[in-house]
Amino acid sequence: MKLFVSEVMHDKEIVDTVFEASQGAIEASKKYGVENVVNGAFGTYFDETGKLLTFETVYRTFDKVDDIQKGKYASSIMGSPEFQAGVKDWLFTSVGLDIPCHIIATPGGTGALSSTVKNILSPGQTVIFPDIGWGPYTTIAKEQRTPIETYQLFDGDHFNIESFKSVCTDVMRKQGKVLVFVNDPCQNPTGYTMTEDEWDQMIDFIKEISKEGAFILLHDIAYIDFNLEGDRYKKIFQRFVDLPENVLTVIAFSASKTMTAYGMRVGAQILISSNEEQMMKVVHACGNTARGVWSTVNNGGMKMFADIALNPEIKERYVIEKSEYVTLLKDRAAIFVKEAEEVGLPLYPYKEGFFVTIRIDDQIVKNELHLKLKTLNIFFVNVYGGLRVAICSIQKEKIYGLAARVKEALDILTGESNTSEED
Ligand SMILES: Cc1ncc(COP(=O)(O)O)c(C=O)c1O
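What is the right way to look at the overall build of the chain in this model?
Secondary structure summary: the chain contains 15 helices and 14 strands in total. Computed over C-alpha atoms, the radius of gyration of the chain comes to 22 Å, within 12% of the 22 Å expected from 2.2 N^0.38 for 423 residues, which places it in the range of a compact globule. Burial analysis of the chain (423 residues in total) assigns 55% to the buried set. Across the chain, contacts joining residues at least 24 apart in sequence account for 74% of those joining residues at least 6 apart. Split by element, the accessible area of the chain, about 19200 Å² in all, is 52% carbon and sulfur.

Can you help me understand the pairing of strand β7 (residues 177-183) in this one?
In summary, the side chains of a regular strand alternate between the two faces of the sheet. Summarising burial for β7: six of the seven residues are buried, a large majority. Tracing the backbone out of β7, into helix α8 (residues 196-209) and back to the parallel element strand β8 (residues 214-220) gives a crossover that is right-handed.

Just checking my understanding: could you explain the environment of Ile272 for this structure?
Looking at the secondary structure, you find Ile272 in strand β10 (residues 267-272). A relative accessible area of 3% places Ile272 in the buried class. Linking Ile272 and Glu35, residues 237 residues apart in sequence, is a C-alpha distance of 48 Å. In this structure, Ile272 is in contact with Phe92, Ile99, Pro100, Cys101, Phe240, Val247, Leu248, Thr249, Ile251 and Met279, ignoring residues within four places of it in sequence.

Mind showing me how you'd approach the site of the ligand here?
The full set close to the ligand counts 15 residues, and Gly109, Thr110, Asp220, Ser254 and Lys257 are the nearest of them. Take Lys257: an N or O atom from its side chain is 2.6 Å from an oxygen atom of the ligand. Considered on its own, the ligand offers 390 Å² of accessible surface; in the complex 93% of this is hidden by protein. Mapped by element, the contributors of at least two residues to the shell around the ligand are α5 (108-120) and α9 (255-258).

Explanation requested: the packing of helix α4 (residues 81-91) against helix α11 (residues 299-309) in the structure shown.
Helix packing for two helices is described by the angle between their axes and how far apart those axes are. Put simply, α4 and α11 touch, their axes get as near as 8 Å, and they point 45 degrees apart. With respect to α11, the axis of α4 lies oblique. The handedness of the crossing between α4 and α11 is left-handed. On α11, the residues that touch Glu82, Phe83, Gly86, Val87, Asp89 and Trp90 of α4 are Met302, Lys303, Phe305, Ala306, Asp307, Ile308 and Ala309.

Even after reading the chapter, I still don't get the domain arrangement of the chain, so can you show me in this structure?
It is common to give the size of an interface as the accessible area lost on bringing the parts into contact. Taken as a whole, the chain is organised into domain 1 (17-53 + 315-414) and domain 2 (56-313). Taking the mean C-alpha position of each, domain 1 and domain 2 sit 27 Å from one another. Across the boundary between the two partners, domain 1 contributes 27 residues, which contact 35 residues of domain 2. Between domain 1 and domain 2 lies a buried interface of about 2900 Å² when both sides are counted; carbon and sulfur atoms form 58% of it.

Whenever I open this one, the packing of helix α7 (residues 161-175) against α8 confuses me. Can you help?
At a closest axis distance of 11 Å, the pairing of α7 and α8 adopts a crossing angle of 20 degrees. The angle between α7 and α8 places the two elements in the roughly parallel class. The two elements α7 and α8 meet at a crossing, and its hand is right-handed. Together, Ile161, Phe164, Lys165, Cys168, Thr169 and Met172 of α7 and Glu198, Gln201, Met202, Phe205 and Ile209 of α8 make up the contact between the two elements. Across the contact of α7 with α8, the residue classes tally to seven nonpolar, two polar and two charged.

Help me understand the pairing of strand β3 (residues 127-130), please; the structure alone is not making it clear to me.
Burial along β3 is two-sided: Val127 and Phe129 facing one way and Ile128 and Pro130 facing the other are all buried. Sheet analysis places β3 next to strand β4 (residues 148-151), joined by four bridges and oriented parallel. Looking at β4, one finds that Val127 is bridged to Ile148. Tracing the backbone out of β3, into helix α6 (residues 136-143) and back to the parallel element β4 gives a crossover that is right-handed.

Please explain the packing of aromatic side chains as it appears in this structure.
When we look at a pair of aromatic rings, we describe it by the centre distance and by the angle of the planes. This model, assessed by the stated rule, comprises 28 aromatic pairs. Aromatic side chains Phe92 and Phe237 sit 5.6 Å apart centroid to centroid with 75 degrees between the ring planes, which places their arrangement in the edge-to-face category. Remark: Phe237 occurs in the loop between β8 and β9 (247-254) and Phe92 occurs in the loop between α4 and β2 (102-106); sequence separation between them is 145 residues. As far as the burial class goes, Phe92 and Phe237 line up, both buried. Ring plane angle 85 degrees and centroid distance 5.0 Å describe the contact between Tyr137 and Phe181, whose orientation is recorded as edge-to-face. Here Tyr137, found in helix α6, pairs with Phe181, found in strand β7; they are 44 residues apart in sequence, far enough to count as distant.

Definitions and limits used
- Residues numbered from 1 in each chain as written.
- Predicted model: local features only at pLDDT ≥ 70, side-chain atom pairs only at ≥ 80, totals over all residues.
- Heavy atoms only, no water.
- Helix = DSSP H or I, 4+ residues; strand = E, 2+ residues; numbered from the N terminus.
- Rg over C-alpha atoms; globule rule 2.2 N^0.38 Å.
- Buried < 20%, exposed > 50% of the residue type's maximum accessible area, 1.4 Å probe, protein only.
- Contact = heavy atoms within 4.5 Å.
- Areas by Shrake-Rupley, 256 points an atom, 1.4 Å probe, with all protein chains shown as cover.
- Right-handed = clockwise from strand over helix to strand, strands pointing away.
- Near = heavy atom within 4 Å.
- Polar contact = N/O pair within 3.5 Å; in protein donor to acceptor, adjacent residues only side chain to side chain.
- Axes fitted to C-alpha atoms, helices over the stretch in contact; angles between N-to-C directions.
- Parallel < 35°, antiparallel > 145°, perpendicular 65-115°, else oblique.
- Left-handed = near helix turned anticlockwise from the far one by under 90°.
- Domains from an automatic or database assignment.
- Buried area = accessible area lost by both parts, 1.4 Å probe.
- Nonpolar A, V, L, I, M, F, W, Y, C, P; charged D, E, K, R; others polar.
- Pairing = 2+ DSSP bridges.
- Phe/Tyr/Trp six-rings, centres within 6.5 Å; stacked < 30°, edge-to-face > 60°.

Written out as structure tokens, the structure reads:
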């Protein structure tokens with residue numbers, strides 16, 4: 001019997017832990033009533049009324065995009081010129097940076113990540129991810145049949161620069177080229193943001209190791225617009241200018257969270273290198289992937305983004321509207337983190353963003369806790385090293401007391417309950 005599916009694609013059954021956990025939460029809400037379910041599975045922002053957050057500024061701007069713009073193909077495979085200008089302004093010009101770059105529109109940040117892996121690595125070459133990271137990184141690697149090495153994200157409460165260095169050095173020595181993912185700020189799933197000093201150490205290392213071969217840093221900034229210091233974070237990009245000729249930085253931008261426009265599928269690769277000739281080869285390869293895989297990106301979405309990014313009055317309204325929700329996330333996180341500390345529930349170092357992760361080193365305990373919580377109508381995502389709590393999708397009233405409920409379930413599993421039968 002011949003396979004319908006190709007011999008090389010036959011083992012690609014997709015198990016997406018986020019969609020799976022979200023489905024559980026949806027079904028439980030139907031069965032037991034939404035008020036009785038803690039849905040900490042969705043990676044999208046829900047407001048305090050339990051509704052998917054959609055920014056007024058974004059969707060009223062989208063309403064004004066005319067039908068022809070919404071319906072037509074983009075004017076360029078690489079993204080419309082105004083979208084490219086909008087991205088450049090959003091990330092660089094508006095914070096006073098003048099960074100020469102090439103921009104390729106992609107369907108969301110996922111398109112940017114996937115095209116980068118495909119066009120940087122030859123078959124059999126290894127990509128490097130953080131050990132605790134966004135699940136679909138693995139799916140992207142599987143799609144290209146790319147082997148994975150991981151660096152440890154944390155050393156105690158800090159970015160593990162030593163592990164980063166050692167894994168990159170090993171891979172460089174084996175294949176003469178490194179492609180490594182760094183997800184910052186508001187890392188998914190831990191909510192960690194690297195310090196300026198950690199960035200400096202990383203850049204110093206990149207300068208050194210790139211003497212041995214090509215070094216491609218993929219900076220995944222999916223949650224950049226939800227960091228607490230706002231646009232000031234973007235100054236980090238200045239560090240990518242004037243790096244040695246062997247270094248290419250690819251910033252993966254996503255409009256999904258920035259614009260509360262997950263379904264619109266708008267994103268971009270932003271390429272920066274002092275080696276224009278080599279960079280152009282990557283630009284051409286990524287342009288070919290665009291044409292051959294998705295053709296052009298949603299034109300109405302790109303137009304809407306450009307209309308906001310390049311119009312100071314609309315952008316100001318957007319910033320004011322968004323800041324309310326950055327504050328709300330901060331408030332939700334503060335409740336959970338404080339209560340977790342009070343009851344002794346261990347967390348990875350959270351700084352900001354959509355997610356907090358409960359640290360559970362024992363995989364069996366972690367899996368059991370995940371299942372146990374489901375029976376209590378509490379839905380989190382099972383990630384490497386812990387359970388991801390999507391505070392972006394849990395209303396404040398449901399966060400109060402949540403850490404204690406999780407700790408109680410954990411204690412029962414590990415036999416560490418404080419209440420003995422004699423009490
Ligand atoms: C860490 C990270 N990177 C990239 C993405 C890409 O998102 P999208 O393809 O919707 O832009 C996500 C989305 O959840 C993410 O969490």
